[in-house]
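Read off the chains here:
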Amino acid sequence: MPLHRTVRSSQAALRNQFNAKSRLTHPRARDSIFQLSTPRRTYGSGPNPTPGRSPLKVWPFIAITLVGTGSYTLMKSPMPAIAPPKSHPQISSPAKDTPTFSPDNVSVIFVLGGPGSGKGTQCEKIVRDYGFTHLSAGDLLRAEQDRPDSEFGNMIKEYIRDGKIVPMEVTVQLLENAMTEDIKQHDGKGKFLIDGFPRKMDQALHFEASVCPSKSTLFFDCPEDVMLARLLNRGKTSGRTDDNEESIKKRFKTFVDTSMPVVDYFETKGKLVKILAVRSPDEVYQEVRRVLRSLGF
Ligand SMILES: Nc1ncnc2c1ncn2[C@@H]1O[C@H](COP(=O)(O)OP(=O)(O)O)[C@@H](O)[C@H]1O
Ligand SMILES: O=c1ccn([C@@H]2O[C@H](COP(=O)(O)OP(=O)(O)O)[C@@H](O)[C@H]2O)c(=O)[nH]1
């Protein structure tokens, strides 16, 4: 059987299985993050949008539906932990040859650092002084988690509580939707601080290849004991389900195992600036300003 037929029939089988078993396809769950997105714009020599590619982005929808189904099923099973969803080789999005946004029009600065290293605090100051649009991947995920008809709410909740990285298709799509909306209001241009992302190599590679190549990454370097104290303090008022000692320890482990390779990757690419975060917020910010100046902002 030709490959495309195999793919389609396996999708249909999985979709049927999913429809039969899962509450996630309830007819009311129509307001999907994938439907909110506008058709992809591309740059480069190709036509826009690429012929033969559905502007409805069916592939990512199928991929995330299956990832979500798998995760949700695992969460409901008596297994002791959430197993990370494995992407199905036949349903992953086809490789895109050009990112949606050109770095000529859109500047992306990633902001990384362990939980509690001060990313959000510094982003707030940068936005005040430089007019970047701040997109916190964690905030976007929490908003999606709380959206009443979200298909992914339960899955996101479990991942965040356990300090694990939500399957990248959800996060990348939320970011791309937010960027698209912002860019529409700024004549096709944009300047984004993407906070707390990418936290995993697959996210980094996928975002840069299909959404927009980054200009640089600010990495806030902070020891765990300092971050722990800050987070426990933040937990007194943040209302976040993951600002407790048990979740914080899991987040630290995820950061070391999964996110540090991203930091190392951008460093080897010469696209990372390390900033010591064990100083007062204003002292840290002085260095941030120097770095932004050196990047041409
Ligand atoms: N340089 C700093 N020194 C002391 N406390 C800080 C500093 N930067 C941030 N904080 C505090 O630490 C907590 C975590 O900071 P936040 O910016 O939310 O971190 P992140 O976004 O990296 O998780 C917050 O309560 C914040 O007020
Ligand atoms: O790209 C991302 C960013 C965040 N998260 C999840 O959101 C949580 C909170 O991230 P956030 O950046 O809001 O907070 P931080 O841990 O840096 O304080 C993380 O532990 C992850 O579970 C995720 O899955 N993917």
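Residues numbered from 1 in each chain as written. Chains lettered and ligands numbered in written order. Predicted model: local features only at pLDDT ≥ 70, side-chain atom pairs only at ≥ 80, totals over all residues. Heavy atoms only, no water.

(A) Expanded view of the overall build of the protein. Along the protein, the regular secondary structure elements total 11 helices and five strands. The burial tally for the protein puts 46% of its 297 residues in the buried class. Long-range contacts, defined here as pairs at least 24 residues apart, represent 79% of the contacts in the protein between residues at least 6 apart. When the accessible surface of the protein is totalled, it reaches about 15,100 Å², and 55% of it is carbon and sulfur. (Helix = DSSP H or I, 4+ residues; strand = E, 2+ residues; numbered from the N terminus. Buried < 20%, exposed > 50% of the residue type's maximum accessible area, 1.4 Å probe, protein only. Contact = heavy atoms within 4.5 Å. Areas by Shrake-Rupley, 256 points an atom, 1.4 Å probe, with all protein chains shown as cover.)

(B) Molecular detail of the packing of helix H7 (residues 168-184) against helix H8 (residues 201-210). Packing of H7 against H8 brings their axes to within 10 Å, and their N-to-C directions diverge by 40 degrees. Where H7 crosses over H8, the handedness of that crossing is right-handed. For the pair formed by H7 and H8, the contact residues are Met168, Thr171, Val172, Leu175 and Met179 on the first element and Asp202, Gln203, His206 and Phe207 on the second. Taken together, the residues of the contact of H7 with H8 sort by class into five nonpolar, three polar and one charged. (Axes fitted to C-alpha atoms, helices over the stretch in contact; angles between N-to-C directions. Left-handed = near helix turned anticlockwise from the far one by under 90°. Nonpolar A, V, L, I, M, F, W, Y, C, P; charged D, E, K, R; others polar.)

(C) Fine view of the UniProt feature "binding site: a ribonucleoside 5'-phosphate" (unreviewed entry) in the protein. The UniProt entry lists Arg142, Lys164, Ile165, Val166, Gly196, Phe197, Pro198, Arg199, Gln203, Arg240 and Arg251 under the feature "binding site: a ribonucleoside 5'-phosphate" (unreviewed entry), expressed in the numbering used here. Taken along the chain, the residues just named run across 110 residues; in space they spread out, the farthest C-alpha pair reaching 23.6 Å. Along the chain, Phe197 turns up in the loop between strand E3 (190-195) and H8. Those residues in contact with Phe197 that sit more than four places away from it in its chain are Phe110, Val111, Leu112, Ala137, Thr171, Val172, Leu175, Gln203 and Phe207. Relative to the elements of secondary structure, Gln203 occurs in helix H8. Gln203 gets classed as buried once you look at its relative accessible area, which sits at 3%. Non-local contacts of Gln203, meaning those with residues more than four positions away in its chain, are made with Ile165, Val166, Met168, Thr171, Phe197 and Pro198. (UniProt positions renumbered as here; feature names shortened; annotations may be inferred.)

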